[in-house]
Amino acid sequence: MILLTRKAEFSSAHFYWNEKWPEEENRRVFGKCANRNGHGHNYTLEVTVAGEVDPVSGFVVDLKQLKDILEREVISIYDHRHLNLEVPEFAKMVPTTENIAIAIWRRLEGKIPNAKLHRVRVYELPDLFADFYGER
Amino acid sequence: MKAYLSRRYRLSASHRLHTEAYDAAKNRAVFGKCNNPHGHGHNYVVQVTVSGQVDPETGMVCNLADLDAFAKSNFIDRFDHSNLNTLDCFRESVSTTENLSIEAYRIFQRFPAAHLERVHVEETSNNSFDYAGGSDPGLI
């Protein structure tokens, strides 16, 4: 088995807010991330897939094909968007780095031919990232 | 849903690789320029990975502000701009980055809000070490 990782980038706005809580609780838990006017990040997405090397092509997956899948399923929907306001899964789910990794997993699962999704890693900053392996 | 959160912390410290178990010649032979009597230093990066269920209310494994505060008071404030060899944890052991990784693991294991998975320490951009409490640290 080989693990293959492809990177992609998107730049998005977001804020952290739980509608069930009063404003003071949102401010206490989420700090400056609770600013309702939002803020933004340059996110880096790393998608790792696992598979066997095709004896003829020498590929686990065609990288161009994987790039196009990431573009179609994630980047075209997240890039230069406000995650809370414009991406449906974050209407009810706080767009933390953890939840973005889970949401991207759900968008990609079953969409990559000949390989198994192994890990979704999302960097919010070079010094902060979340990983999701599809574990419940 | 179980997710993993990783945070990179930076600290600058000096050290000297030396053990009383060896004589001067053997220390020089084994540790080379790292045995320089006056020490030398590095900008270390300590990458801490914690895991847990993502809280449906907060969307978080743990509050990053809590992890940062824990890291500052229990780790960074003790190690940053120190001479590692003068710290209690290196009184009996050589201040290699392997041993620094193990010590960082021991410290972050006490973080109460999430489960510590592993510690990854970069001594320079070319050397890094991983410790997961004796388990396989896995794909970094």
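The structure we're discussing is the one just above.
Below you will find a few notes about this structure. (Residues numbered from 1 in each chain as written. Chains lettered and ligands numbered in written order. Predicted model: local features only at pLDDT ≥ 70, side-chain atom pairs only at ≥ 80, totals over all residues.)

In this section: the overall build of chain B. The helix and strand tally for chain B stands at 3 helices and 5 strands. Reading chain B from its N terminus to its C terminus gives the helix and strand order β-α-β-α-β-α-β-β. Reported as C-alpha extents along the three principal axes, the dimensions of chain B are approximately 60 × 30 × 25 Å. Within the span of chain B, comprising 140 residues, buried residues form 29% of the whole. (Helix = DSSP H or I, 4+ residues; strand = E, 2+ residues; numbered from the N terminus. Buried ≥ 20, exposed ≤ 12 C-beta atoms within 10 Å, placed from the backbone.)

Attention now goes to the nonpolar core. By size, the foremost hydrophobic cluster in this structure holds 49 residues, and its most contacted members are A:Ala101, A:Val122 and B:Ala3. In this view, A:Val122 contacts A:Tyr43, A:Leu45, A:Thr97, A:Ile100, A:Ala101, A:Ile104, A:Phe129 and A:Ala130; residues no more than four positions away in its chain are not counted. Core analysis: the second largest hydrophobic core is formed by 5 residues, A:Phe15, A:Tyr16, A:Phe30 and A:Val94 among them. (Core = buried A, V, L, I, M, F, W, Y, C linked by C-beta atoms within 7 Å. Contact = placed C-beta atoms within 7 Å.)

Time to look at the pairing of strand β4 (residues 116–125) of chain A. Residue and element names in this part refer to chain A. Where strand β2 (residues 39–51) lies against β4, 7 bridges are found, and the strand directions are antiparallel. Each bridged residue has a counterpart across the sheet, and for Thr48 the counterpart in β4 is Arg119. Between the end of β4 and the start of strand β5 (residues 128–132), which pair antiparallel, lie 2 residues. (Pairing = 2+ DSSP bridges.)

Quick look at the interface of chain A and chain B now. On the side of chain B, 17 residues touch chain A, which itself brings 20 residues to the contact. Looking at the side of chain A that touches chain B, the elements with two or more residues in it are α4 (97–108) and β5 of chain A. Here the side of chain A that touches chain B is composed, by residue class, of 10 nonpolar, 4 polar and 6 charged. Relative to strand β1 (residues 2–15) of chain B, β5(A) runs antiparallel, the two being bridged by 5 bridges. Paired with A:Phe132 across the bridge in β1(B) is B:Ala3. (Nonpolar A, V, L, I, M, F, W, Y, C, P; charged D, E, K, R; others polar.)

The next point concerns helix α1 (residues 23–30) of chain A. Residues and elements named next belong to chain A. Every buried residue of α1 is listed here: Asn26, Val29 and Phe30. Here the buried residues of α1 occupy an arc of 80° about the axis, which is enough to place them on one side. Away from its buried face, by an angle of more than 90 degrees, α1 presents the exposed residues Glu24 and Arg28. Directly beyond the C-terminal end of α1, a positive phi value near 55° is found at Gly31. (Arc of directions from axis to C-beta.)

What follows deals with the environment of B:Lys72. Its location among the elements puts B:Lys72 in helix α2 (residues 64–79). Taking the C-alpha atoms as reference points, B:Lys72 and B:Tyr9, 63 residues apart in sequence, are found 9.2 Å from one another.

Of note, the phi angle at A:His80 is positive, near 55°, even though the residue is not glycine. Residue placement: A:His80 occurs in the loop between α2 (63–78) and β3 (81–82). The class of A:His80 is exposed, set by 12 C-beta atoms lying within 10 Å. In this structure, B:His81 is a non-glycine residue whose phi angle is positive, near 55°.

Below, the discussion takes up the pairing of strand β2 (residues 40–53) of chain B. Residue and element names in this part refer to chain B. Relative to β2, β1 runs antiparallel, the two being bridged by 14 bridges. Among the inter-strand pairings, Leu5 is bridged to a residue of β2, identified as Val50. Relative to strand β4 (residues 115–124), β2 runs antiparallel, the two being bridged by 7 bridges. Bridging across to β4, Thr49 finds its partner in Arg118.

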